[in-house]
Amino acid sequence: MAAGIREKQTVALKRMLNFNVPPVKNSTGEPVWKVLIYDRFGQDIISPLLSVKELRDMGITLHLLLHSDRDAIPDVPAVYFVMPTEENIDRMCQDLRNQLYESYYLNFISAISRSKLEDIANAAIGANAVTQVAKVFDQYLNFITLEDDMFVLCNQNKELVSYRAINRPDITDTEMETIMDTIVDSLFCFFVTLGAIPIIRCSRGTAAEMVAVKLDKKLRENLRDARNSLFTGDTLGAGQFSFQRPLLVLVDRNIDLATPLHHTWTYQALVHDVLDFHLNRVNLEESTGMESSPAGARPKKKNKKSYDLTTSDKFWQKHKGSPFPEVAESVQQELESYRAQEDEVKRLKSIMGIEGEDEGAISMLSDNTAKLTSAVSSLPELLEKKRLIDLHTNVATAVLEHIKSRKLDVYFEYEEKIMSKSTLDKSLLDMISDPDAGTPEDKMRLFLIYYISSTQAPSEIDLEQYKKALMDAGCNLAPLSYIKQWKAFTKMASAPTSYGNATPKPLGLFSRVMNTGSQFVMEGVKNLVLKQQNLPVTRILDNLMEMKSNPETDDYRYFDPKMLRGSDSSVPRNKNPFQEAIVFVVGGGNYIEYQNLIDYIKGKQGKHVLYGCSELFNATQFIKQLSLLGEK
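Residues numbered from 1 in each chain as written. Predicted model: local features only at pLDDT ≥ 70, side-chain atom pairs only at ≥ 80, totals over all residues. Heavy atoms only, no water.

Just so we agree on the cut-off: UniProt positions are given in the numbering used here, feature names are shortened, and annotations may be inferred rather than shown by experiment.
Within an unreviewed UniProt entry, the label attached to the chain reads Sec1 family domain-containing protein 1, and the organism entered is Otus sunia. Under the UniProt heading Function (unreviewed entry), the note attached to the chain is "Plays a role in SNARE-pin assembly and Golgi-to-ER retrograde transport via its interaction with COG4. Involved in vesicular transport between the endoplasmic reticulum and the Golgi."

Things to note about the overall build of the chain
Operational definition: For helices the rule is a DSSP run of H or I covering at least 4 residues; for strands it is a run of E covering at least 2, with both sets numbered from the N terminus onward. In this description, contact between two residues means that some pair of their heavy atoms is separated by no more than 4.5 Å. Note on areas: Shrake-Rupley with a 1.4 Å probe; residue coverage comes only from the protein chains shown.
Within the chain, the regular secondary structure consists of 23 helices and 17 strands. In the chain, the proportion of contacts linking residues at least 24 apart, taken out of those at least 6 apart, comes to 79%. Element-wise, carbon and sulfur atoms account for 54% of the exposed surface of the chain, whose accessible area totals about 30,000 Å².

With respect to helix H8 (residues 207-224)
So the rule is basically this: Here, expected helix span is obtained from the residue count minus one, scaled by 1.5 Å. In this scheme, a residue with accessible area under 20% of its type's maximum is buried, one over 50% is exposed, and one in between is partly exposed, where area comes from a 1.4 Å probe on protein chains only.
Counted at 1.5 Å a residue, the expected span for H8 with its 18 residues is 26 Å, and the 26 Å between its end C-alpha atoms agrees. Of the residues making up H8, those classed as buried are Ala207, Ala208, Glu209, Val211, Ala212, Leu215, Asp216, Leu219, Arg220 and Asn222. On its buried side, H8 packs onto helix H6 (163-167), helix H7 (173-194), strand S8 (199-202), strand S9 (247-252), strand S15 (557-559) and strand S16 (580-586).

Focus on the sheet that holds strand S2 (residues 60-65)
Our working rule: If DSSP finds at least two bridges between two strands, the strands pair. Throughout, an axis means a line fitted to C-alpha atoms (over the contacting stretch in the case of helices), and angles, computed between N-to-C directions, take values from 0 to 180 degrees.
Judged by pairing direction, the sheet is parallel, and its 5 strands sit side by side in the order S2-S1-S3-S4-S5 without closing on themselves. Since the sheet does not close on itself, it has two edges, and those belong to S2 and strand S5 (133-138), each with one partner. Taken pair by pair, the neighbouring strands of this sheet meet at an average axis angle of 20°, ignoring direction. Docked against the sheet, helix H1 (residues 5-17) engages strand S1 (34-38), S2, strand S3 (73-82) and strand S4 (101-108), running at close to 155° with respect to S3. Those strands touched by helix H4 (residues 86-98) are S3, S4 and S5, and its axis lies near 165° from that of S4.

Some details on the packing of aromatic side chains
Put simply, the rule is: A pair of Phe, Tyr and Trp rings is counted when the ring centres sit within 6.5 Å of each other, with Trp represented by its six-membered ring. The angle between the planes then sorts it: under 30 degrees is stacked, over 60 is edge-to-face, the rest tilted. Either the NZ atom of lysine or the CZ atom of arginine qualifies as a charge over a ring when it sits within 6 Å of the ring centre and within 35 degrees of the ring normal.
Counted under the stated rule, the structure contains 23 aromatic pairs. One aromatic cluster is present, formed by Tyr267, Phe277, Trp316, Phe324, Tyr591, Tyr594 and Tyr611 through successive ring pairs. Positioned above the aromatic ring of Phe188 is the side chain of Lys218, whose terminal nitrogen or guanidinium carbon lies 5.1 Å from the ring centre.

Quick word on unusual backbone geometry
The phi torsion at Gln99 lies on the positive side, around 45°, for a residue other than glycine. You can see Gln99 is positioned in the loop between H4 and S4. A residue is classified by how much of its surface remains accessible, and Gln99, at 43% relative accessible area, is partly exposed. Located in the positive-phi region is Asn128, a residue other than glycine, with phi close to 60°.

A closer look at the packing of helix H14 (residues 379-406) against helix H15 (residues 408-419)
Under the convention used in this document: Angle categories are assigned with fixed cut-offs, so that under 35 degrees is roughly parallel, over 145 is roughly antiparallel, 65 to 115 is roughly perpendicular, and the rest are oblique. Nonpolar residues are Ala, Val, Leu, Ile, Met, Phe, Trp, Tyr, Cys and Pro. Charged residues are Asp, Glu, Lys and Arg, and all others, Gly as well, are polar.
Two elements in contact, H14 and H15, have axes whose closest approach is 6 Å; the angle formed by their N-to-C orientations is 70°. With respect to H15, the element H14 is oriented roughly perpendicular. Counting all contacts with H14, which are made through His402, Ile403 and Arg406, the residues of H15 involved are Leu408, Asp409 and Tyr411. Of the residues belonging to the contact of H14 with H15, the class tally is 3 nonpolar, 1 polar and 2 charged.

Side note on the sheet that holds strand S7 (residues 150-152)
Spatial ordering of the open sheet is given by S6-S7-S17-S16-S9-S8-S15, a layout of 7 strands whose pairing is mixed. In this open sheet, the two strands that pair with only one neighbour each are strand S6 (144-147) and S15. Each strand of the sheet is rotated relative to its neighbour by a mean of 20°, with strand direction disregarded. In terms of strand pairing, S6 meets S7 through 3 bridges, oriented antiparallel. Its bridge partner lying in S7, Thr145 is registered against Phe151. Contacts from helix H22 (residues 591-602) reach S6, S7, S16 and strand S17 (608-613) within the one sheet, and its direction differs from that of S17 by about 170°.

A look at the pattern of salt bridges
We apply this condition: Think of a salt bridge as a Lys or Arg side-chain nitrogen and an Asp or Glu carboxyl oxygen that are within 4 Å of each other.
Enumeration according to the criterion identifies 28 salt bridges in this entry. Taking the shortest distance from any N to any O, the salt bridge between Arg220 and Asp216 comes out at 3.2 Å. Taken together, the residues Arg220 and Asp216, both in helix H8 and 4 residues apart, mark about one turn of the helix. The residues Arg220 and Asp216 share a single accessibility class, namely buried. One salt bridge connects Lys217 with Glu221, and the closest N-O pair in it is separated by 3.5 Å. Here Lys217 and its partner Glu221 are both found in helix H8, 4 residues apart, which amounts to about one turn of the helix.

So, the packing of H7 against H8
Note the cut-off: Crossing handedness is defined as follows: a turn of the near helix away from the far one that is anticlockwise and smaller than a right angle gives a left-handed crossing, while the clockwise case is right-handed.
Orientation of H7 relative to H8, taken along the N-to-C sense of each, is 55°, at an axis distance of 9 Å. The pairing of H7 with H8 is recorded here as oblique in orientation. Here H7 and H8 pass one another in a crossing that is right-handed. Here Met176, Glu177, Met180, Asp181, Ile183, Val184, Asp185, Leu187, Phe188 and Phe191 of H7 come into contact with H8, specifically with Ala207, Met210, Val211, Lys214, Leu215, Lys218, Leu219 and Asn222. Of the residues that constitute the contact of H7 with H8, the class distribution is 12 nonpolar, 1 polar and 5 charged.

As for empty space enclosed by the protein
The rolling of a water-molecule-sized probe over the atoms marks out the regions of remaining empty space. The condition that has to hold: Cavity: a set of points on a 1 Å grid over the protein atoms alone where a 1.4 Å probe fits but cannot get out. Pocket: an open set with protein on both sides within 12 Å along at least five of seven lines, its lining residues, like those of a cavity, having an atom within 4 Å of a point. Grid points are joined across faces, edges and corners, and a volume is the space filled by probe spheres set on the points.
Scanning the entire structure with this criterion turns up 2 cavities of 30 Å³ or more. Lining the largest cavity, in full, are Pro260, His262, Thr264, Ala269, His272, Asp273, Asn590, Tyr591, Ile592, Phe617, Asn618 and Ala619. The biggest single contributor to the lining of the largest cavity is helix H10 (residues 267-274), with 3 residues. Class assignment of the residues belonging to the lining of the largest cavity gives a composition of 6 nonpolar, 5 polar and 1 charged. Here the second largest cavity defines a volume of roughly 50 Å³. Lining of the second largest cavity is provided by Phe41, Asp44, Ile45, Asn142, Ile144, Leu153, Cys154, Asn155 and Gln156. With 3 residues, helix H2 (residues 40-46) is the largest single contributor of residues to the lining of the second largest cavity. Classifying every residue of the lining of the second largest cavity gives 5 nonpolar, 3 polar and 1 charged.

Some words on the side chain of Arg253
Under the convention used in this document: Here a polar contact means two N or O atoms within 3.5 Å. Within protein one must be a hydrogen donor candidate and the other an acceptor candidate, and residues neighboring in sequence count only if both atoms are side-chain atoms.
By the secondary structure assignment, Arg253 is in the loop between S9 and H10. A distance of 2.7 Å separates a polar atom in the side chain of Arg253 from the backbone oxygen of Asp256. At 2.7 Å, the side chain of Arg253 and the side chain of Glu593 are in polar contact.

Examining the environment of Asp430
For Asp430, the position within the fold is in helix H16 (residues 428-433). On a C-alpha basis, the gap between Asp430 and Ala469 in space is 9.2 Å, while along the polypeptide they are 39 residues apart.

Notes on the confidence of the model for the chain
Close reading of the predicted structure is inappropriate where its pLDDT is low. Going by this rule: The predictor's confidence in any single residue is recorded as pLDDT, a number from 0 to 100.
In the predicted model, the chain carries a mean pLDDT of 82, and the fraction of residues at 70 or more is 82%. Mean pLDDT across the secondary structure elements of the chain bottoms out at helix H20 (residues 511-515), with 38, and peaks at S1, with 94. Confidence drops under pLDDT 50 across residues 288-299; counting only partners more than four residues distant or on other chains, this segment forms 7 contacts. Here residues 506-518 is modelled with pLDDT under 50, and outside its nearest four sequence neighbours on either side it reaches 28 contacts, counting other chains as well.

Encoded structure:
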């Protein structure tokens, strides 16, 4: 995949905004001014990829939600980007009748059915607006790209395809079908945009297998229909695939429930775990301190700030996978280098102010003019640097407050030890009953990880003790009752997953950050260094991508949509290792696994991995789903 999925989806969106013709590079003319009308789905797809400025450069002067009150702008073309749902179609027909715009370019995020298309046609005839409907396109863009190598299916009605929805005990077959169809529709869009037909592997007897069967069927039908196939020569793009098709590994969330609950130590995953981080935007509440005011005055209102952490943010790109202490140190270094540059500009200014009486000043002046010119030209760069430093100082400080108040470093280290089955230096009961360590939810996460990772479940007596301690700590025990059922069920199905056996090494406390009068007061936070170890999802990928034989993955089913007859085998026809792979977790994913995959693939020359999931949740959201399942 020479081009990442992010770039491909961006190109597709830009083409759509240009009335579905590829934008011409060298045209000097003004773009055609137009209005963009989207629904919430469209908004979520566009917002991580295109900024408002980029939209403006494309000629979008106004972007509005479909279901908002919109005024007629009769001499402007409108580009619609919406899901083909009943209410959206009704609203579009209403727009036609009200003659809101000069012409209409209708783009559907996912394919529209014949009957709905006829509804639009009838409305257009009724409104006498047939000539104004310029184009109708299926865009096949029903997925959200968050990184060059990460995508998630949907954000709007994600509870429809959530872990809880798939694992509800009282789910009916038709409901399950609907969920699977939703997931498959998005995955199909993903491969159309990628322009590749994958070879599919999945575990047996799971929701992932249902997805695989349906996706295989859908790809197969599209390939057979030669006239309308979406995978023809021009879309497949010559030569981007080095004659090799990508591997799609479909895994089920149930193979590893400990990782989504795990406390983490890398920057991006921590931001997602403790802050409100959503579609690449983080929302912070900044408390402005009490002002000197008469007694009994209310504390000042909290400011809400939001920051976009995007691919253009170099610091974020470089450090999102780094352990937190390293990030704090880097922010500090950036700040120091920025201050040095700023001082240089100030110094030049003061020299320029010298009266030209003594000779020294004049010779210095000519020398400094060149310096000043270069200083002035580097100003915009300097300002951008300052913006990023401020942003990361704020975000990192917010994360640090959580680490310190909840002792997350202790939790992280302890959980790593549990998951790698090494000896524990402190009993679990002490951790749970320590009032200073963490929130009730942190304790619940810790205990669930212990429960999931233990080969022998604790005896009833022990369990009662733990339960009492958890209750005293104020925990809701509902998630435990679900995990208990789940464990009993998976015990019959498979052996517990192992998590490798590396534990983080403390490097002594943050020495450098402590000494250099840093803004980050790191006292008492352990400086843990991560050792690379593969999580279950990464291990499965490694087996299937490198064609290793392993009992864990040997009976994974194998689908090849290009084969004439589908064969139900677990014997791969292709014996070569793959260069490109997509890992997709049915039932939700997280940044810990994403980071683990990225670290794994760094060591493999010329190979690429994409990580996708049906929804992206942090531990808090996952615990919520588990308690809803446990309350049943």
